[in-house]
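# Fold and geometry: a report
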Amino acid sequence: MLPQHKEELLPSSNFRQITRSFLPSSVVLLFVFVTAPFSLAQTVLVSNLAQSTNISYSIASPTRLLSTGFTTGTTGMSLTSATVALWESGGNQTAIAYLFSNNGGVPTSTDSGGLLATSDSVTILGGPGANFVLTFSSPPILSADTTYHLAVGAPSNFAYFVSTPSTAETGLTGWSIADNVTRTLDSGVTWAVYQSESLKFSLNGAAIPEPSTYAALFGLVALGFAVYRRRRRQAG
């Protein structure tokens, strides 16, 4: 008869050491990959801030928004912030950026779920053409080869959005900015083309990890958890 093999249990001190080292590292890995779209190196997606300035349009109303469309390239990205050219002429003002989906060349109505994301507010203090960063604390995901609209509003007096007659832009291959300004006077319910030029802004974002990256991570965590459960049973 073959001798029975008895699996040797780990000393309790070794078991505690393994679990203490494995669990924190697994949690850290999971956190890193889940937040990866927002912690990767930031890049300028598309920008026309370097172009000449033409006219400033008022956005000083609780219900008035101005927007310009943009089209993404062949790779989806997360939108972390927008740098916009604004100015105020009557004391500190507050501005907010909004991301809308596209409906026939204008933003989709808020009544139809067109509003996709809202930025944190920023205080405007400066002369014509100063640049202000509006951050999306919950960065929306921009799909590839898709048109969106960046809108900005300021629910107070004497705030302006700066435009450019230029159609030139810089940024990632395939990304572009539309050459018109659209406007709503009812908080995004109805939109219409307002001017044939572009508002000045820059979009900043980060690449989105491939689904296989997430699958590999969760597979690693599942394997580690299985090892942890086995060691725990043996120690018990």
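Look above for the structure.
The structure contained in this document is the topic of the report that follows. Predicted model only: the values in this text are computed from it and were never measured.

## Thoughts on the nonpolar core
Ranked by size, the top nonpolar core spans 33 residues in total, and within it Val84, Leu86 and Leu203 carry the most contacts. One finds Leu65, Ile96, Tyr98 and Trp191 within the second-largest nonpolar core, a separate group that totals 7 residues.

## So, the packing of aromatic side chains
In this description, a pair of aromatic rings is defined by centroid distance and the angle of the planes. A complete count under the given rule lists 5 aromatic pairs for this structure. Between Phe100 and Trp191 the ring centres are 5.2 Å apart and the planes differ by 70 degrees, which places this aromatic pair in the edge-to-face class. Of this pair, Phe100 sits in strand β5 (residues 93–103) while Trp191 is found in the loop between β15 (181–184) and β16 (192–195), placing the two residues 91 residues apart along the sequence. Members of the aromatic cluster, connected to one another through ring pairs, are Phe70, Tyr148 and Trp175.

## Quick notes on unusual backbone geometry
In this model, Asp145 sits at a positive phi of 50 degrees, which is unusual for a non-glycine residue. Structurally, the position occupied by Asp145 is in the loop between β10 (141–142) and β11 (147–153). With phi around 65 degrees, Ser187 is a residue other than glycine that occupies positive phi space. Structurally, Ser187 is set in the loop between β15 and β16.

## So, the environment of Ser119
Mapped onto the fold, Ser119 is located in the loop between β7 (115–118) and β8 (122–124). Residues Ser119 and Thr135, 16 residues apart in the sequence, show an inter-C-alpha distance of 5.3 Å. Sequence-distant contacts of Ser119, that is, excluding residues within four places in its chain, are made with Ile96, Ala97, Leu134, Thr135 and Phe136.

## Focus: the pairing of β11
Across the 7 residues of β11, 6 count as buried, placing the element largely inside the fold. With 6 bridges connecting them, strand β3 (residues 65–71) and β11 associate as antiparallel partners. Each residue of the ladder has a partner; that of Phe70, found in β11, is Tyr148. Judged from the 6 bridges that link them, β5 and β11 form a sheet pairing that is antiparallel. Each residue of the ladder has a partner; that of Ser101, found in β11, is Tyr148.

Conventions we followed
Every chain's residues receive numbers from 1 upward, in the order its sequence appears when written. Local features are withheld for residues below a pLDDT of 70 in this predicted model, meaning they are given only at 70 or higher, and side-chain atom pairs are given and counted only at 80 or more; totals for whole chains, interfaces and linings count all residues. No hydrogens and no water enter the side-chain calculation; it runs on all heavy atoms of the structure. Residues enter a nonpolar core if they are buried and are Ala, Val, Leu, Ile, Met, Phe, Trp, Tyr or Cys, with the set joined through side-chain atoms within 4.5 Å. Only protein chains enter the accessibility calculation, which uses a 1.4 Å probe; a residue whose area is less than 20% of its type maximum is buried, one above 50% is exposed, and one in between is partly exposed. The rule is short: rings of Phe, Tyr and Trp, with Trp giving its six-membered ring, pair when the centres are within 6.5 Å, and they are stacked under 30 degrees, edge-to-face over 60, tilted in between. What counts as a helix is a DSSP run of H or I of at least four residues, what counts as a strand is a run of E of at least two, and both are numbered from the N terminus. Throughout, a contact is declared for two residues whenever any of their heavy atoms are within 4.5 Å. DSSP bridges decide pairing: two strands pair if at least two such bridges lie between them.

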